[in-house]
Amino acid sequence: EPEVTQTPSHQVTQMGQEVILRCVPISNHLYFYWYRQILGQKVEFLVSFYNNEISEKSEIFDDQFSVERPDGSNFTLKIRSTKLEDSAMYFCASSRRDVNEKLFFGSGTQLSVL
Amino acid sequence: GESVGLHLPTLSVQEGDNSIINCAYSNSASDYFIWYKQESGKGPQFIIDIRSNMDKRQGQRVTVLLNKTVKHLSLQIAATQPGDSAVYFCAETGGSYIPTFGRGTSLIVHP
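Before going into details, it helps to say that this report is about the structure given with it. Throughout, residues of each chain are indexed from 1 in the direction in which the sequence is written. Naming scheme: in the order in which they are written, chains are lettered from A and ligands are numbered from 1. A pLDDT threshold of at least 70 governs which residues receive local features in this predicted model, and a stricter bar of 80 or more applies before side-chain atom pairs are shown or counted, although totals over entire chains, interfaces and linings include all residues. The side-chain values count all of the structure's non-hydrogen atoms but skip hydrogen atoms and water molecules.

A few points about unusual backbone geometry
Thinking step 1. Here the bond from threonine 7 of chain A into proline 8 of chain A is cis, since omega is -10°, no more than 30 degrees from zero.
Thinking step 2. Here a strand is any run of E in DSSP of at least two residues, a helix any run of H or I of at least four, and the numbering for each starts at the N terminus. Mapped onto the secondary structure, proline 8 of chain A falls in the loop between β1 (5–7) and β2 (10–13).
Thinking step 3. For asparagine 51 of chain A, which is not glycine, the phi dihedral falls at a positive 55°.
Thinking step 4. One can find asparagine 51 of chain A in the loop between β5 (43–50) and β6 (53–57).
Thinking step 5. A residue is classified by how much of its surface remains accessible, and asparagine 51 of chain A, at 58% relative accessible area, is exposed.
Thinking step 6. One non-glycine residue with positive phi stands out, namely lysine 71 of chain B, at about 55°.
Thinking step 7. Relative to the elements of secondary structure, lysine 71 of chain B occurs in the loop between β7 (62–67) and β8 (72–77).
Thinking step 8. Here the term buried applies to any residue with accessible area under 20% of the maximum for its type, exposed to any over 50%, and partly exposed to those in between, with areas from a 1.4 Å probe on protein chains only. Lysine 71 of chain B gets classed as partly exposed once you look at its relative accessible area, which sits at 26%.

If you want it as structure tokens, here you go:
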């Protein structure tokens, strides 16, 4: 069964450093998403991406965040200058279409900012 | 503001029992609901979904019930197994197509 893959599984960084989280969505999916989950809390939406541009973003997704689809398979989330509160599990997801469609999630990248 | 929430943060059951996980939503425009299962160290995994024009949908050992009158959603798991132990999230879409997740219920199945 096709799946969303994320790398790395764990990322430790110093506060103020840039990190790039990588995702390979399911190949025939057109919509891509990033969510995050702070330990013990709910899964929070960050951003959705379609046709090489951001289609929707949350208040969390400020100027420190950016997303990119650098080629036909990868989808990345960049945090320019990490803060302690960015420590969380980051999930990538993809779907075939937007409306009333289930999302397929990757296993996540655990980001720890020290 | 509009929100999706869960009544019980933790549910403990015996193996073989039926489990019921509840979810309340407040966005009356929600028209699509999804239940996800999240095992430790993994991403949310789709279990079952239901659209607002239905009030019940069944899958393999799982049933989702939707009561639009009181804005309530439930997930029933029949003959719960240890492998069902996980955190269960309800998510809804309405207005925006972006699924909004509730806080989650931890299901613990005792052998």
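A few points about the interface of chain A and chain B
Thinking step 1. When checking whether two residues touch, look at their non-hydrogen atoms; a contact exists if any pair is within 4.5 Å. With 20 residues of chain A at the contact, the number on the chain B side is 19 residues.
Thinking step 2. Once two parts are joined, some of their accessible surface, as seen by a 1.4 Å probe, is lost; buried area is that loss totalled over both. Both faces considered, chain A and chain B share a buried interface measuring about 1,700 Å² in area, 57% of it formed by carbon and sulfur atoms.
Thinking step 3. Considering only the side of chain A, the residues that lose the most area to chain B are Lys42, Asn100 and Lys102 of chain A, jointly responsible for 31% of the buried surface there.
Thinking step 4. Salt bridge, as applied in this entry: a Lys or Arg side-chain nitrogen positioned within 4 Å of an Asp or Glu carboxyl oxygen. The tally of links between chain A and chain B comes to zero salt bridges.
Thinking step 5. Counted as a polar contact is a pair of N or O atoms within 3.5 Å, where, for protein atoms, one must be capable of donating a hydrogen and the other of accepting one, and residues adjacent in sequence contribute only when both atoms are in side chains. Across the contact surface, chain A and chain B share four residue pairs in polar contact (both at pLDDT 80 or more).
Thinking step 6. Residue assignment for the side of chain A that touches chain B shows that the elements contributing at least two residues are β4 (31–37), β5 and β6 of chain A.
Thinking step 7. Residue classes follow a fixed rule: Ala, Val, Leu, Ile, Met, Phe, Trp, Tyr, Cys and Pro count as nonpolar, while Asp, Glu, Lys and Arg count as charged, and any other residue, Gly among them, counts as polar. Residue composition of the side of chain A that touches chain B, grouped by class: eight nonpolar, six polar and six charged.

Focus on the nonpolar core
Thinking step 1. Buried Ala, Val, Leu, Ile, Met, Phe, Trp, Tyr and Cys residues that are joined via side-chain atoms within 4.5 Å together make up what is termed a nonpolar core. Ranked by size, the top nonpolar core spans 22 residues in total, and within it Trp34, Leu46, Phe61, Val67, Phe75, Leu77 and Tyr90 of chain A carry the most contacts.
Thinking step 2. Of all elements in the fold, only β3 (19–24), β4, β5, β7 (65–68), β8 (75–79), β9 (88–95) and β11 (109–113) of chain A reach the threshold of two or more residues within this core.
Thinking step 3. When neighbours within four sequence positions are excluded, valine 67 of chain A is seen to be in contact with Trp34, Val47, Phe49, Ile54, Phe61, Phe75, Thr76 and Leu77 of chain A.
Thinking step 4. The next biggest cluster of nonpolar side chains, apart from the first, holds 20 residues, and it includes Leu11, Trp35, Leu73 and Leu107 of chain B.

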